[in-house]
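Residue-level structural notes
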2 protein chains.
Amino acid sequence: MTRLTLAIDAMGGDFGPCVTVPAVLQALASHSHLIILLVGNPDIITPLLAKADSSVLERLRVIPAESVIASDARPSQAIRNSRGSSMRIALELVKEGQAQACVSAGNTGALMGLAKLLLKPLEGIERPALMTVLPHQQQGKTVVLDLGANVESDSEMLVQFAVMGAVVAEEVLAIAQPRVALLNIGQEETKGLETIRMAAAVLRESPQINYIGYLEGNDLLTGKTDVLVCDGFAGNVTLKTMEGVVRMFLSLLKSSGEGKKRAWWLKWLGRWILKRLTQRFGHLNPDQYNGACLLGLRGTVIKSHGAANQRAFAVAIEQAEQAVRRQVPERIAARLDTVLARSDKA
Amino acid sequence: MTRLTLAIDAMGGDFGPCVTVPAVLQALASHSHLIILLVGNPDIITPLLAKADSSVLERLRVIPAESVIASDARPSQAIRNSRGSSMRIALELVKEGQAQACVSAGNTGALMGLAKLLLKPLEGIERPALMTVLPHQQQGKTVVLDLGANVESDSEMLVQFAVMGAVVAEEVLAIAQPRVALLNIGQEETKGLETIRMAAAVLRESPQINYIGYLEGNDLLTGKTDVLVCDGFAGNVTLKTMEGVVRMFLSLLKSSGEGKKRAWWLKWLGRWILKRLTQRFGHLNPDQYNGACLLGLRGTVIKSHGAANQRAFAVAIEQAEQAVRRQVPERIAARLDTVLARSDKA
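Because the structure is predicted, anything quoted here is derived from the model rather than measured.

All names here are of chain B. If you trace the eleven strands from one edge of the open sheet to the other, you get E3-E2-E1-E4-E11-E10-E5-E6-E9-E7-E8, paired in mixed fashion. At either margin of the open sheet sits one strand with a lone partner, and together these are strand E3 (60–64) and strand E8 (210–215). Ignoring which end each strand starts from, the neighbouring axes of this sheet average 25° apart. In this fold helix H1 (residues 17–30) packs onto strand E1 (4–9), strand E2 (34–40) and E3, with an angle of close to 170° to the strand it touches most, E2.

Moving on: the domain arrangement of chain A. Residues and elements named next belong to chain A. Once the domains are mapped, chain A shows domain 1 (1–124 + 296–327) and domain 2 (126–293). A buried area of about 1,700 Å², summed over both sides, lies between domain 1 and domain 2, and 55% of it is on carbon and sulfur atoms. Counting the surface domain 1 buries against domain 2, the share from its top three residues, Met112, His305 and Arg311, is 32%. Taken together, domain 1 and domain 2 are joined by zero salt bridges. Remark: the boundary between domain 1 and domain 2 carries three residue pairs in polar contact (both at pLDDT 80 or more). The set of elements that each furnish at least two residues to the side of domain 1 that touches domain 2 consists of helix H6 (108–119), strand E11 (300–303) and helix H12 (310–325). A total of six residues in the side of domain 1 that touches domain 2 trace back to one element, the largest contributor, which is H12. The residue makeup of the side of domain 1 that touches domain 2, split by class, is ten nonpolar, seven polar and four charged.

Note: strands within a sheet are paired through backbone hydrogen bonds, in either parallel or antiparallel orientation. All names here are of chain A. Across the sheet, eleven strands lie side by side as E3-E2-E1-E4-E11-E10-E5-E6-E9-E7-E8; this open sheet has mixed pairing. The sheet is open, and its two edges are formed by strand E3 (60–64) and strand E8 (210–215), each paired on a single side. For this sheet, the mean angle separating the axes of adjacent strands, direction not counted, is 25°. Sheet analysis places strand E2 (residues 34–40) next to E3, joined by five bridges and oriented parallel. Note on E3: the bridge partner recorded for glycine 40 is proline 64.

Residues and elements named next belong to chain B. Summarising the element assignment, aspartate 219 is placed in the loop between E8 and strand E9 (227–229). When its relative accessible area of 8% is taken as the criterion, aspartate 219 is described as buried. A distance of 3.0 Å separates the side chain of aspartate 219 from the side chain of threonine 222, its partner in a polar contact. Dropping the residues within four chain positions of it, aspartate 219 is found in contact with Gln187 and Lys224.

Here is what the cut-offs are and how they apply
Residues numbered from 1 in each chain as written. Chains lettered and ligands numbered in written order. Predicted model: local features only at pLDDT ≥ 70, side-chain atom pairs only at ≥ 80, totals over all residues. Heavy atoms only, no water. Pairing = 2+ DSSP bridges. Helix = DSSP H or I, 4+ residues; strand = E, 2+ residues; numbered from the N terminus. Axes fitted to C-alpha atoms, helices over the stretch in contact; angles between N-to-C directions. Contact = heavy atoms within 4.5 Å. Domains from an automatic or database assignment. Buried area = accessible area lost by both parts, 1.4 Å probe. Salt bridge = Lys/Arg side-chain N within 4 Å of Asp/Glu carboxyl O. Polar contact = N/O pair within 3.5 Å; in protein donor to acceptor, adjacent residues only side chain to side chain. Nonpolar A, V, L, I, M, F, W, Y, C, P; charged D, E, K, R; others polar. Buried < 20%, exposed > 50% of the residue type's maximum accessible area, 1.4 Å probe, protein only.

Listed below in structure tokens is the structure:
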């Protein structure tokens, strides 16, 4: 496999280098073709590298950064003062072609704004969107976007999200004529927000998009659609709600095998059944699909959960690697040209 | 117990009388103090009553209605043409004092509009909100509103929802100084929509409200708050998402006990463990908490899921009965006077 370089914002997220550095070492150990530029404060990062293997360290370079963008900073302000920050330097490395993708667990608004500023949106895209791929009940996958890159979305943005989502479903998940739905609070045409109804009217007339109508939150995991389009607020709410419920179930499953006085073989059997259940539900575990892709840019940017642990951050790094290998931005750009041009004519 | 009369819209919902009539008979059979005015088309309803017990039928009166409001009708249009409809007649029975509460599984927007028109909002309330009480992980309960009565909510409406939710938590769930949170897409003050930030600013300064800040979708069931306030779109999305995930888990739990070739005792044991798990998760089953209360009116109106089955619709009828017994509208009215007056001064 050809070598591949990723720029990682070591300082972002709730835990900073304590999580990002071990995750980076883990990723380097399991992918021998990977090179990582680790951007952050060397005084904090270096001690965390002390015990790492030399075969891993020779593919790691620490790029010093003076500052960190706080996760509670106002994005506009953070962007103004971003020079020298770990997030900005990581994005600049992508811009300059030194890295092929960037991963950060930092301030979502700032990442979105800086990425747009530095990497520029693709032709025809007003604002990038955060996208993730969720496993669903029918053993397939659903592309969901926007997950919070844009707090408010107008109908044109929703249409652009639909196009980008369809391209990802087709080009990356290899789904022919992917079904596209809008998230709404009812399935009837008259339901919901004006922006959603307007986007529906455009999508219904687009021959390029296999638009199937509205879906509600309870269909997030049913596999009724290949692409679920929503504004960033609703997308964030539905994803986080799903995560919360899944985490609750997994923790209940785990705890229900413990504590009670029972024969050893009963306990053993209970654990065995619960393990099988956990395996079955585990693919919905937030730790296993962490990493939302910022779509619509001329480069690959992966946003990890702020609260990601080492395992989850390592998953985000792998997502970046895969997005680069699958040439997501290039494919979207190529398809957007055709789709948007034709829908303009329609 | 004193007698209590409910007006039921027999025609609303996806299944109409096929679900509502058996649910009404079930409710009458289990609550001997209940009298029901069943509003709808007698030609459809009467055959469904053929096998009912006479002790039940003597507490049931069919009130004829000429029309039904379609669930996909535009609310404004539906309200204009509502005269003679089962939903409107049921609400009029409450208005005239012939029934103490109304239950409908029909068009949410029309129910909201008609209820506001006929029963009038309480002093100080701009628009009523749909509220439900969800069980949470800490064995307690969380009041969640608005669930979709209002597609868009301004900051004043969010504050009013907070006040109403706090009153329900205090007066009905008996929680002293209930914690109130706003649903948002981040916990930092700068996050989310302008309307939410403005509502937060008002709530932070209200001595009457124990405002604790923003919560995200993943905290819907964690019990971190007693009242979760959101606009109707986000509320609907979070509730429906939760329902979808819970349904998926319950169905997976159920199906994972079947099919495989195993020794009978292993199967039996597996089923036993799964049954315990289902019991544990079952309190989140949408069929068991169906029925959102339309808060902020001078009367009790319960909105059932459109897709409710017999069991779920019976739960909605019980909710109506409890709301009447607990005098929810009267208590909210009494508390609103004090709370809103004081927060006006603040």
